[in-house]
Amino acid sequence: MRDTLAAPPVRTQAPLHHLTGPASLDRSLVERLLEAAAVFETADGTSRDRLPGRLLATLFYEPSTRTRFSFEAAMLRLGGQVLSAESAGQASSAAKGESLEDTIRVVSEYADAIVLRHPELGAAERAATVARVPVINAGDGAGHHPTQALLDLYTIKKELGRLDHLRIGLVGDLRHGRTARSLATLLARYPGNELVLVSPPALRLGDDVRGSIEAHAIRETSDLAAAVSDLDVLYQTRIQAERFATAEEATRYHGIYVISPEVMRRLPEHAIVMHPLPRVGEIDPQVDADPRAAYFRQARNGLWVRMAVLDWAMAR
């Protein structure tokens, strides 16, 4: 008689498609995901046969609007379903002291993929080491935000027609801004690009990212007005107040760079303005009417890109 409590036979598992940072994205995969996003945009939501019966868990330990909603909308448009934990630090067993690793182990038993946002640098990598399903990094502290970088690339390509031989200004809190850190890393893989890093000295891009792009053209300045006149892309970011040791320290930098109508008059006519949002005073609302203001189009592009990422990560 067969012992019904005996362990089932061990099955070999194909490598998981984790997306924890720019290191997970080689050039060929980036191109594949951007092409898939374009297909999904053309289909305009008629892709419900891609992931039927699959379940996505979104674990957000930090606030989110665009990233969480676009991932969840993407999963629903692909025919799947969503388990969502907003404010997971307070609304999950993390509030009882459960480790991130144990939470991931458990959620891996319920879902087919996990989208994780966490305040700790390296949290996504930690999660991926114990997960039995793909882990997608939706932001790990001041680390990286790879799907934001992908949608930024998609936006630039849609708006300007190429991803190479561009002059891109990254503006604001480059020390803590994970979106700018990830985007700089990916842009440096394309030939002929020049990165113009605009920030106060204390908020400059970290050496870890700088080391990965140092072979490429970099110009560094603290003067926004002087930098904008020859840009193709002006990528504004907010001051990451939640990453500073004190609120007083963060307050010193609020309003240091603002894209105003005057700045827009200096920006070339062919250029675009991007922002990962939310904006907190860094872009004058008068700029919204300018056709070069691409940030809301950029936000919409997140849906198609995240459909492509989920389809890739969860493909059988």
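Structure report, in brief. (Residues numbered from 1 in each chain as written. Predicted model: local features only at pLDDT ≥ 70, side-chain atom pairs only at ≥ 80, totals over all residues. Heavy atoms only, no water.)

Should the charged atoms of two oppositely charged side chains come close, the side chains can pair. Taken as a whole and assessed by the stated rule, the structure comprises 23 salt bridges. As a salt-bridge pair, Glu31 and Arg27 come within 3.6 Å of each other at their nearest N and O atoms. One end of the pair is Glu31 and the other is Arg27, both in helix α1 (residues 27-43) and 4 residues apart, which spans about a single turn. When its relative accessible area of 39% is taken as the criterion, Arg27 is described as partly exposed. One salt bridge connects Arg178 with Glu62, and the closest N-O pair in it is separated by 3.2 Å. Of the two residues, Arg178 is situated in helix α7 (residues 178-187) and Glu62 in the loop between β1 (55-60) and α2 (66-77); the sequence distance between them amounts to 116 residues. For Glu62, a relative accessible area of 12% corresponds to the buried category. The network of salt bridges with shared partners includes Arg167, Glu194, Arg219 and Asp230. (Salt bridge = Lys/Arg side-chain N within 4 Å of Asp/Glu carboxyl O. Helix = DSSP H or I, 4+ residues; strand = E, 2+ residues; numbered from the N terminus. Buried < 20%, exposed > 50% of the residue type's maximum accessible area, 1.4 Å probe, protein only.)

Taking 1.5 Å of rise per residue, 20 residues should cover 28 Å, and helix α12 (residues 295-314) covers 29 Å from first to last C-alpha, within 8% of that figure. Buried residues dominate α12, accounting for 16 of its 20 residues. (Expected span 1.5 Å × (residues − 1).)

Turning to the sheet that holds strand β2 (residues 81-85), a few remarks are in order. One open sheet accounts for 4 strands, arranged β2-β1-β3-β4; its pairing is parallel. Unpaired on one side and paired on the other, β2 and β4 (135-140) mark the two borders of the sheet. For this sheet, the mean inter-axis angle between neighbouring strands, taken without regard to orientation, is 15°. When β1 meets strand β3 (residues 113-118), the two strands line up parallel, connected through 5 bridges. Residue pairing for β3: Leu59 is matched across the bridge by Leu116. (Pairing = 2+ DSSP bridges. Axes fitted to C-alpha atoms, helices over the stretch in contact; angles between N-to-C directions.)

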